[in-house]
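Here are the chains, one letter per residue:
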Amino acid sequence: MTPAFPLPHGVTLLERGWLSSNNILIKGPGRCALVDSGYATHAAQTLALVEAETQGHPLDVLINTHLHSDHCGGNAALQARYPQLQTLIPPGQAHHVAQWNAQALSYTPTGQLCEPFSFTATLQANTELELGGQLWQVHAAPGHDPNSVVLFEPQSRLLLSADALW
């Protein structure tokens, strides 16, 4: 799928099939970031797509907009491939990730796969992240998931809202 609008320089949409979130790769000076990692059974595809786009450069940052399995199921594989990877998650269920409680994270009750992963820090609402040479605003966005965050880049007016790219 090609977006109906031009994406800012350094932002690449990696379109995925069902059941897996699309991935957004943001390249720029300093570091390379991926927003959401797809479903666990697509982890090899996620790695291949990221490696093809980064062309041998390391992936530095992984951001999860929320912790549904189709958004963080590839985290463990990416962390294994890129040991220096910083992983940022919304704060709402961070304690369940730290202690790896698949029941509380809803993976076990829904029969979904998600290999245990770790995180470096949490994404705090009303803060900014530098990605691709731009400052992206982090906003709390409860709704689809009560702990979800969205990322907004005001210059390009690009909103990364978990299950949609607008």
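Residues numbered from 1 in each chain as written. Predicted model: local features only at pLDDT ≥ 70, side-chain atom pairs only at ≥ 80, totals over all residues. Heavy atoms only, no water.

> Talk me through the sheet that holds strand β1 (residues 11-14); I want residue IDs and the actual numbers.
Spatially, 6 strands are ordered β1-β2-β3-β4-β5-β6 in an open sheet, and the strand pairing comes out mixed. With one partner strand each, in any of the chains shown, β1 and β6 (121-122) form the two edges of the open sheet. As paired elements, strand β3 (residues 32-35) and strand β4 (residues 61-63) share 3 bridges and run parallel to each other. Pairing of L34 across the sheet is with L62, part of β4. (Pairing = 2+ DSSP bridges. Helix = DSSP H or I, 4+ residues; strand = E, 2+ residues; numbered from the N terminus.)

> Go over the environment of Q137, please, and point to the residues and values.
With respect to the helices, strands and loops of the structure, Q137 is situated in strand β8 (residues 134-140). Accessibility expressed as a relative area gives 23% for Q137, which makes it partly exposed. Sequence separation of Q137 and A77 is 60 residues, and the distance between their C-alpha atoms is 27 Å. Those residues in contact with Q137 that lie beyond four places of it in its chain are T127, E128, V150, L151, F152 and P154. Of note is the side chain of Q137, whose polar atom sits 2.9 Å from the side chain of H139. (Buried < 20%, exposed > 50% of the residue type's maximum accessible area, 1.4 Å probe, protein only. Contact = heavy atoms within 4.5 Å. Polar contact = N/O pair within 3.5 Å; in protein donor to acceptor, adjacent residues only side chain to side chain.)

> With reference to specific residues and values, describe unusual backbone geometry.
Backbone geometry at Q55 places phi at a positive 50 degrees, although glycine is not the residue there. Tracing the backbone shows Q55 in the loop between α1 (43-54) and β4. Judged by relative accessible area, Q55 falls into the exposed class, the value being 67%. At W100, a position not held by glycine, the phi torsion is positive, near 40 degrees. Inspection of the secondary structure puts W100 in the loop between α4 (94-98) and α5 (107-110).

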